[in-house]
Amino acid sequence: MKPKSPTACHFFFLISAHAQLLKDSNNGDGVFKIEENEETQIKRSDFPSGFLFGAATSAYQVEGAYLEDAKSLSNWDVFCHTVGCGENGENGDIADDHYHMFLRDIELMHSLGIQAYRFSISCARILPRGRFGEVNPAGIMFYNKIIDNLILKGGIEPFVTIHHADLPQELEDRYRSWLNPAMQEEFLYLAEVCFKSFGDRVKYWLTINEPELIAGLAYQMGIIPPSRCSEPFGNCLSGNSDVEPIIAKHNMLLAHGRAAKLYHEYFQATN
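Residues numbered from 1 in each chain as written. Predicted model: local features only at pLDDT ≥ 70, side-chain atom pairs only at ≥ 80, totals over all residues. Heavy atoms only, no water.

Enquirer: Which parts of the structure should I look at to understand the packing of aromatic side chains?
Expert: Aromatic rings in a pair are described by how distant their centres are and how their planes are angled relative to each other. Evaluation of the coordinates by the stated rule reveals 17 aromatic pairs. On the numbers, 4.6 Å between centres and 10° between planes, the contact of phenylalanine 159 with tyrosine 204 is stacked. In this pair, phenylalanine 159 sits in strand 5 (residues 157–163) while tyrosine 204 sits in strand 6 (residues 204–208), placing the two residues 45 residues apart along the sequence. Judged on exposure class, the residue phenylalanine 159 and its partner tyrosine 204 are both buried. (Phe/Tyr/Trp six-rings, centres within 6.5 Å; stacked < 30°, edge-to-face > 60°. Helix = DSSP H or I, 4+ residues; strand = E, 2+ residues; numbered from the N terminus. Buried < 20%, exposed > 50% of the residue type's maximum accessible area, 1.4 Å probe, protein only.)

Written as structure tokens, this is what we have:
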């Protein structure tokens, strides 16, 4: 691959704002009340030029179709089918059915005037076995359809998150995912596949969504997969809440750095 010269990166905050500003007030007893200020209206002109209003999702929360078109079981599929993801045993098998309803969802976004859409890639959908298997053409096609329709039909800028806490369960079974340095190689391969497949249209990338939060919830509190912890933080079957979150964050940060370097050197378009 021929290296490309890096260009300046642009960062935008994606927010959703109520039409009326909310005001915090403390009544003195430590309780904060939220009150609507009906006189103050938020207008698009209040924001600087280039500010993007957007919406954001993650793959497991919205896609559904958890075993369709050669997708493998993800860590969230296994977690929600065993431990459970809600008080009533909810799971993401169908979720918002974004996998089948993405065209309708894009139309809704366009009707709201949304300018940017941040979504995440399900590794289990495009790389069902990580580096141990083949790229899944059906998974690549699904995300290509989302990107193309966002741009062509809605004029909406795609923001792509490469990893949002979900991965093929096989990687967890093989080497405990982020607790093993080998996960850095898995993530780098995933990132390269994404850059090659979608980089001609996607200008804005997020590597790993909230690594601090993922490490804390997964390896300290044990309330999201792989549900590892130790007392007094939680009552998991295995884990070390003092050590494992640090190991996981270490591997995530190194994976982020390697993916960012790969993108800047070989895939970032020059202006």
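Enquirer: Explain a nonpolar patch on the surface to me, please; I cannot follow it from the model alone.
Expert: A grouping of Met221, Ile223 and Phe233 is seen on the molecular surface, where their side chains present a nonpolar patch of about 250 Å² in accessible area. In this fold, isoleucine 223 is placed in the loop between helix 8 (211–220) and helix 9 (244–267). Look at isoleucine 223 and you get exposed, because its relative accessible area is 51%. (Patch = residues over 30% accessible without salt bridge, like charges linked within 9 Å, V, L, I, M, F, W, Y side chains within 5 Å. Areas by Shrake-Rupley, 256 points an atom, 1.4 Å probe, with all protein chains shown as cover. Salt bridge = Lys/Arg side-chain N within 4 Å of Asp/Glu carboxyl O.)

Enquirer: Where do I start with the sheet that holds strand 4 (residues 116–120) in this structure?
Expert: Strand pairing in a sheet relies on backbone hydrogen bonds. The paired strands run either parallel or antiparallel. The parallel open sheet is built from four strands, whose spatial order is 3-4-5-6. The outermost strands of the open sheet, each flanked by one partner alone, are strand 3 (54–56) and strand 6. Neighbour-to-neighbour, the strand axes of this sheet turn through a mean angle of 15°, independent of strand direction. (Pairing = 2+ DSSP bridges. Axes fitted to C-alpha atoms, helices over the stretch in contact; angles between N-to-C directions.)

Enquirer: Please explain helix 7 (residues 182–198) as it appears in this structure.
Expert: Given 3.6 residues per turn, any residue in an α-helix points the same way as the ones three and four places further on. For helix 7, with 17 residues, the first-to-last C-alpha span of 25 Å sits near the 24 Å given by 1.5 Å per residue. Buried within helix 7 we find Met183, Gln184, Glu186, Phe187, Leu188, Leu190, Ala191, Val193, Cys194, Phe195 and Phe198. Check the buried side of helix 7 and you find it contacts helix 4 (123–126), helix 5 (137–152), strand 5, helix 6 (169–175), strand 6 and helix 9. (Expected span 1.5 Å × (residues − 1). Contact = heavy atoms within 4.5 Å.)

Enquirer: In this structure, what is going on with helix 5? I would like to understand it.
Expert: Helix length check: helix 5 (16 residues) gives 22 Å between terminal C-alpha atoms against 22 Å at 1.5 Å per residue, within 8%. For helix 5, the set of buried residues is Gly139, Ile140, Phe142, Tyr143, Asn144, Ile146, Ile147, Asn149 and Leu150. If you follow the buried residues of helix 5, they end up packed against helix 1 (59–62), helix 3 (98–111), strand 4, helix 4, strand 5 and helix 7.

Enquirer: Which parts of the structure should I look at to understand the side chain of asparagine 75?
Expert: Tracing the sequence through the fold places asparagine 75 in helix 2 (residues 75–82). Owing to a relative accessible area of 5%, asparagine 75 belongs among the buried residues under this scheme. For asparagine 75, the side chain forms a polar contact with the main-chain oxygen of alanine 165, separated by 3.1 Å. Sequence-distant contacts of asparagine 75, that is, excluding residues within four places in its chain, are made with Ala165, Asp166, Leu167, Pro168, Gln169 and Pro225. (Polar contact = N/O pair within 3.5 Å; in protein donor to acceptor, adjacent residues only side chain to side chain.)

Enquirer: Which parts of the structure should I look at to understand the pattern of salt bridges?
Expert: Pairing between side chains of opposite charge can happen when the charged atoms of each approach one another. Applying the stated criterion to the full structure yields 15 salt bridges. Of the charged contacts, one joins lysine 43 and aspartate 46 as a salt bridge, the two residues approaching to 3.6 Å between their closest N and O atoms. Of the charged contacts, one joins arginine 201 and aspartate 200 as a salt bridge, the two residues approaching to 3.0 Å between their closest N and O atoms. Of the residues examined, aspartate 200 reaches a relative accessible area of 62% and is grouped as exposed. Salt bridges here are not isolated pairs; linked through shared partners, they connect Arg129, Glu170 and Arg174.

Enquirer: Explain the nonpolar core to me, please; I cannot follow it from the model alone.
Expert: In a soluble, globular protein the nonpolar side chains are often hidden away together inside. The biggest cluster of nonpolar side chains holds 56 residues, and the ones touching the most others in it are Phe119, Ile126, Tyr143, Trp178, Phe198 and Trp205. Looking at which element gives the most residues to this core, the answer is helix 7, with nine residues. What tryptophan 205 contacts, discounting residues up to four positions off in sequence, is Val160, Ile162, Cys194, Phe195, Phe198, Gly199 and Tyr263. (Core = buried A, V, L, I, M, F, W, Y, C linked by side-chain atoms within 4.5 Å.)

Enquirer: Just checking my understanding: could you explain the state of the cysteines for this structure?
Expert: One covalent bond between the sulfur atoms of two cysteine residues makes up a disulfide. Scanning all chains against the criterion turns up two disulfides. The disulfide that involves cysteine 80 links it to cysteine 85, with 1.5 Å between the sulfurs. Here cysteine 80 and cysteine 85 share a disulfide; its torsion about the S-S bond, -80°, makes the bridge left-handed. The disulfide partner of cysteine 229 is cysteine 236, and the S-S distance across this bridge is 1.9 Å. Its S-S torsion of about 105° marks the bond between cysteine 229 and cysteine 236 as right-handed, since a negative value means left-handed. The same class applies to cysteine 229 as to cysteine 236, namely buried. For the protein, numbering the cysteines in disulfides from first to last along the sequence yields the connectivity 1-2, 3-4. (Disulfide = S-S within 2.5 Å.)

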